[in-house]
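# Coordinates in review
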Amino acid sequence: MVLYSDEVQIIYPHLKKMEIIRTVKEMREFSSRSRQAGKTIAFVPTMGYFHEGHLNLMREARKRGDLLIISLFVNPTQFGPSEDFKNYPRDFERDRKMAEGVGGDILFAPEASDMYPPNHQTIVCVEKVTQNLCGRSRPTHFQGVTTVVLMLFEIVMPHVAIFGEKDYQQLVAIQQMARDLHMSVEVLGMPTVREVDGLAMSSRNTYLLPHERKAALSLYRSLQKAKELLKQGERKADRILLEMNGILQSEPLVRIDYVQICDAHTLEDVVRIEGDVVVALAAYLGKTRLIDNLVYRIL
Ligand code: AMP
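In this report, the structure presented in the accompanying data block is examined. (Residues numbered from 1 in each chain as written. Predicted model: local features only at pLDDT ≥ 70, side-chain atom pairs only at ≥ 80, totals over all residues. Heavy atoms only, no water.)

## So, unusual backbone geometry
We apply this condition: Helix and strand definitions here come from DSSP, where helices need a minimum of 4 consecutive H or I residues and strands a minimum of 2 consecutive E residues; each element is numbered from the N-terminal end.
Positive phi outside glycine occurs at Y49, with the angle close to 55°. Considering the arrangement of structural elements, one finds Y49 in the loop between β2 (41–46) and α3 (52–64).

Next comes the structure, spelled out in structure tokens:
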């Protein structure tokens, strides 16, 4: 059987060499040229230190566009002053190989000074859906996220962009931004990828000491409990939250930031569970802040 070069790329995506682009200018030029040539662009923005959660988004994106562009940028503006920007795990060579392995065409890895040149002064703020949940303890986080994502969309010019439900509030905020600003990009969410024991994959899991890693499983256990209660027909949010808090509090290493049940679209707290909800939580294990959630749809 003769394989033509395009077919080789589809059947064995890892055989194709991925290009690295380091500047905003080159990235824009590449995307403009690709669009002019009629190619569709699927985009996965990341902060690197890849795991299966990231790779799953990339595989989905690979199927949805002629070109797969992945950005790797640890965005300083979404970290608070006492957060882990400096220590955030980074390993470019490892990430490069992994992104190439799933068929990435371009890895866009800009410098912060290129993304935020001197005198940069514009921020994008999605107002309501960013107030609750993580917005309470990280008041400037989401404006950092939406600002950088809007910039990345302008630079990469994707037709479709894929995000994880692991960061559910982030996904909702970006979808809201795309709608509000009449952006042409389609913003899709993909389910959370977990370790075999249930812990949601996260680049920050590498910070966890073995005993913290073990205690962190209570986050998943509490969400499983919520799911079980919802399946049994429990509709009072406070009953579910009580059980969840009980599970989390039984682990002395877990310091709860929040446990809440919100409308899955507005992200406002609900008292009675009626439509789609997100059961969301954030907790510290030592210095590491982890988040997780469960989206539950009542049909
Ligand atoms: P990050 O590099 O942590 O900013 O994440 C980049 C993208 O991967 C975001 O859209 C995240 O929501 C997504 N992501 C991170 N962890 C997971 C996971 N465990 N499952 C699915 N998506 C994830």
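Let us keep going from here.
## Description of the sheet that holds strand β7 (residues 254–263)
Inclusion rule: Note: two strands are recorded as paired if DSSP finds a minimum of 2 bridges between them. The axes are straight lines fitted to the C-alpha atoms, using for helices just the contacting stretch, and the angles between their N-to-C directions are given from 0 to 180°. We call two residues in contact when some of their heavy atoms are within 4.5 Å.
Within the open sheet, the three strands sit side by side as β7-β8-β9. Their pairing is antiparallel. Only two strands of the sheet have a single partner each, and these edge strands are β7 and β9 (288–296). Averaged over all adjacent pairs, the angle separating strand axes in this sheet is 15°, with direction ignored. Direction of pairing for β7 relative to strand β8 (residues 277–285): antiparallel, over a ladder of nine bridges. Note that in β8 the partner of I261 across the bridge is V279. With respect to the sheet, helix α11 (residues 237–249) is in contact with β7 and β8, its orientation differing from that of β7 by roughly 160°.

## Details of empty space enclosed by the protein
For clarity, the cut-off: Definitions used for this entry: grid spacing 1 Å over protein atoms alone; cavity, a set of points where a 1.4 Å probe fits but cannot get out; pocket, an open set with protein on both sides within 12 Å along at least 5 of 7 lines; lining residue, one with an atom within 4 Å of a point. Grid points are joined across faces, edges and corners, and a volume is the space filled by probe spheres set on the points. By the convention adopted, Pro, Cys, Tyr, Trp, Phe, Met, Ile, Leu, Val and Ala count as nonpolar, Lys, Arg, Asp and Glu as charged, and the other residues, Gly among them, as polar.
Applying the stated rule across the entire model yields one cavity of 30 Å³ or more. Considering only enclosed or pocket space, the largest cavity measures out at about 50 Å³ in volume. Taken together, K166, L199, A200, S202, N205, A216, L219, L290, I291 and D292 make up the lining of the largest cavity. When residues of the lining of the largest cavity are assigned to their parent elements, the largest contribution, three residues, is made by β9. Looking at side-chain class alone, the lining of the largest cavity contains six nonpolar, two polar and two charged residues.

## With respect to the packing of helix α7 (residues 141–156) against helix α8 (residues 168–180)
The following threshold applies: When an angle is under 35 degrees it counts as roughly parallel; over 145 it counts as roughly antiparallel; between 65 and 115 it counts as roughly perpendicular; any other value is oblique. Here a crossing is called left-handed whenever its near helix is offset anticlockwise from the far helix by less than a right angle, and right-handed whenever the offset is clockwise.
Two elements in contact, α7 and α8, have axes separated by 10 Å at closest approach and are oriented at 55°. Between α7 and α8, the angle is such that the two are oblique. At the point where α7 passes α8, the crossing takes the right-handed sense. Seen from α7, the contacting residues are F142, V145, T146, V149, L150 and F153; seen from α8, they are Q169, Q170, A173, I174 and M177.

## Examining α8
Applicable threshold: Helix span is expected to be 1.5 Å times the residue number reduced by one. With a 1.4 Å probe rolled over the protein chains alone, any residue whose accessible area is under 20% of its type maximum counts as buried; one over 50% counts as exposed, and the rest are partly exposed.
For α8, spanning 13 residues, the distance from its first C-alpha to its last is 18 Å, which sits close to the expected 18 Å at 1.5 Å a residue. Among all positions of α8, only Y168, Q169, Q170, L171, V172, A173, I174, M177 and A178 are buried. Where α8 is buried, its residues contact α6 (134–137), α7, β5 (160–164), β6 (186–190), β8 and β9. Phi turns positive one or two residues past the end of α8, at H182, with a value near 50°.

## Some remarks on the pairing of β2
The buried count for β2 comes to six of six residues, which makes it a mostly enclosed element. Side chains I41, F43 and P45 project from β2 onto one buried face, and the interleaved A42, V44 and T46 project onto a second face that is buried too. Note that β2 and strand β3 (residues 67–72) share six bridges and pair parallel. By the bridge assignment, P45 is partnered in β3 with S71. Relative to β5, β2 runs parallel, the two sharing two bridges. Paired with F43 across the bridge in β5 is A161.

## Here we look at the environment of L290
With respect to the helices and strands, the residue L290 is situated in strand β9. Sequence-wise, L290 and M201 are 89 residues apart; in three dimensions their C-alpha atoms are separated by 10.0 Å. In contact with L290, other than residues within four places in its own chain, are L199, N205, L208, A216, L219, L281, A282, A283 and L285.

## Observations concerning the nonpolar core
Test applied: Think of a nonpolar core as a cluster: buried Ala, Val, Leu, Ile, Met, Phe, Trp, Tyr and Cys residues, connected wherever their side-chain atoms sit within 4.5 Å.
In this structure, M27, M115, F153 and M177 are the most contacted members of the largest nonpolar core, which totals 48 residues. With 10 residues, the top contributor of residues to this core is α7. Setting aside anything within four residues of it in sequence, one finds M27 in contact with I21, I69, I106, F108, I155 and V156. Residues A226, I240, V270 and V277 belong to the second largest nonpolar core, which totals 28 residues.

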